Amino acid sequence: MNTMFTSAFGQFGKTIMVDGVILLSLIGIAIGRLPRLRMNRATIAFAGAAFLIALGGISAEEAAAAIDLSTLILILSMMIITANLKFSGFFDLAGNLVLRAADRPRKLLTLVMASSAVLSALFLNDTICIMMTPLVAVLCQRSKRDPVPYLIALALSANIGSAATIIGNPQNMLIGASSGIPFMRFLSRLAIPSVAGLVVAYLLTVLVFRKEFADNEKITITDLALDGNAERKIYKPLLYKSLFAILVMTVAFILDAPVYAAAMAAAAILLTTRRINPERVFAELDWTIIAFFGGLFIITAAVAKTDAFSWFVARALPLVGQSMAGLSAFTLVLSNLISNVPAVMLMRPLAQYFPNQEQFFLVLAMASTYAGNLTLLGSVANLIVAESAKRFGIHISFGTYLKVGLPTTLVTIMLGTLYLICT
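In what follows, the accompanying structure is described. (Residues numbered from 1 in each chain as written. Predicted model: local features only at pLDDT ≥ 70, side-chain atom pairs only at ≥ 80, totals over all residues. Heavy atoms only, no water.)

Turning next to the side chain of Thr409. Of note, Thr409 is situated in helix 21 (residues 398-422). Here the side chain of Thr409 touches Asn373 through a polar contact of 3.3 Å, landing on its backbone oxygen. Among residues more than four places away in sequence, those in contact with Thr409 are Leu332, Tyr370, Ala371, Asn373 and Leu374. (Helix = DSSP H or I, 4+ residues; strand = E, 2+ residues; numbered from the N terminus. Polar contact = N/O pair within 3.5 Å; in protein donor to acceptor, adjacent residues only side chain to side chain. Contact = heavy atoms within 4.5 Å.)

The next thing to look at is the packing of aromatic side chains. Tallied over the full model, the rule gives eight aromatic pairs. Pairing Phe292 with Phe293 gives two aromatic rings, centres 6.0 Å apart and planes at 85 degrees, and the pair type is edge-to-face. One aromatic cluster in this structure is built from Phe292, Phe293 and Phe297. (Phe/Tyr/Trp six-rings, centres within 6.5 Å; stacked < 30°, edge-to-face > 60°.)

For the pair helix 4 (residues 69-88) and helix 12 (residues 236-254), interaxial distance at closest approach is 8 Å and the crossing angle is 150 degrees. As summarised for this structure, helix 4 and helix 12 are arranged roughly antiparallel, according to the angle between their axes. Remark: the crossing between helix 4 and helix 12 carries left-handed chirality. Facing Met78, Ile81, Asn84, Leu85, Phe87 and Ser88 of helix 4, the residues of helix 12 in contact are Leu238, Leu239, Ser242, Ile246 and Met249. (Axes fitted to C-alpha atoms, helices over the stretch in contact; angles between N-to-C directions. Parallel < 35°, antiparallel > 145°, perpendicular 65-115°, else oblique. Left-handed = near helix turned anticlockwise from the far one by under 90°.)

A separate point is the state of the cysteines. In this structure the tally under the stated criterion is zero disulfides. Cys129 takes part in no disulfide bond, and the closest cysteine sulfur to it belongs to Cys140, at a distance of 15 Å. On the basis of relative accessibility, which here comes to 0%, the residue Cys129 falls in the buried class. (Disulfide = S-S within 2.5 Å. Buried < 20%, exposed > 50% of the residue type's maximum accessible area, 1.4 Å probe, protein only.)

For the rest of this paragraph, the subject is a nonpolar patch on the surface. On the surface, Phe244, Leu247, Val251 and Leu255 cluster together to form a nonpolar patch covering roughly 420 Å² of accessible area. Locating Phe244 in the fold gives a position in helix 12. (Patch = residues over 30% accessible without salt bridge, like charges linked within 9 Å, V, L, I, M, F, W, Y side chains within 5 Å. Areas by Shrake-Rupley, 256 points an atom, 1.4 Å probe, with all protein chains shown as cover. Salt bridge = Lys/Arg side-chain N within 4 Å of Asp/Glu carboxyl O.)

For the rest of this paragraph, the subject is helix 13 (residues 259-271). In this model helix 13 runs 18 Å from its N-terminal to its C-terminal C-alpha over 13 residues, within 8% of the 18 Å that 1.5 Å per residue would give. For helix 13, the set of buried residues is Val259, Ala262, Ala263, Ala266, Ala267 and Leu270. Buried residues of helix 13, viewed axially, fall in a sector of 135 degrees; they line one side. Where helix 13 is buried, its residues contact helix 4, helix 10 (183-208) and helix 12. (Expected span 1.5 Å × (residues − 1). Arc of directions from axis to C-beta.)

These results come straight from atomic positions and should not be treated as a statement about function.
See the structure below:
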């Protein structure tokens, strides 16, 4: 009897510790830090995964099986492509061409949002925000325009545009690998909601910041470069090679090749070089994303084994009710509670309860991405814009962002859901 009691108590203690690690990890990932510790989302996810393996919350074999290599390969390959485009001067060239064509405030807003959305659909939205924020901030300051509306619109459009493709953001990459939806099929279903979302975001930005856009007077700007030089250096051989690699990848997408394999082939083309030191390329890669995803795969696999997750599924399904509208609303709330990538990972198993699994994954991709526009803290892209703007003395407050972000999120998710249901 004493042995049975000790064994039961030991199992109870183990369950408490495992659940505690999971809960602490998810809270830390949601808010981006843990009190009194120098840890970010990546280190929290990685450490949480390691502790769960050590405590027996998930076996080493199960942990290894939980890691989706196709998603990690896709993310890594897209970062390699993006790094080469950066070295070639592509983003400076594209940004300057767009901004030089903007001679009036509303035209500037249109071009910033359109270029941000298109580039975010092709490359990671976080990268586009890193590249474009300084350009937009400098142009607005030198033309004596209020930079806040344009920078908020930059973040909104980066998130909206990234929803259109499998390679636009990390959660879409995960959904693409999980669902097996071909690239062109995914694009054909989510392109129209994203275009409609951009129109909504544009109109709301003009409405909220009506003072900035009321006169629509001509903008005069002579120099957009950040270092005082009118022209940034363009490395043409690498630029042409990068564009060729992207063309190869696009053709592979059209031919329904596996997305991760197409991206990997394009990255391989760029890594086969006599000119670029590979250390320079790999130094540009954001390894924290790889660590974050690797740890998060293991944590969510451990979560799926818990009684709490069984309870979550039992309660979530009646709330969602196999309804796409319910799924959108639930995704919106969960994405803003624990961030969109963990939310997508936790909700993937619910696909088996829906008769149309493709529609489930498309709604999940749309809602989880648009949900990032709700608040300034809703997505990494928003935070990148806000933090980068500070370097130019520009402050984007939580409340100011919310005036545009809240209605944009609600309207775009509603329109996106209606479109995916009715078509």
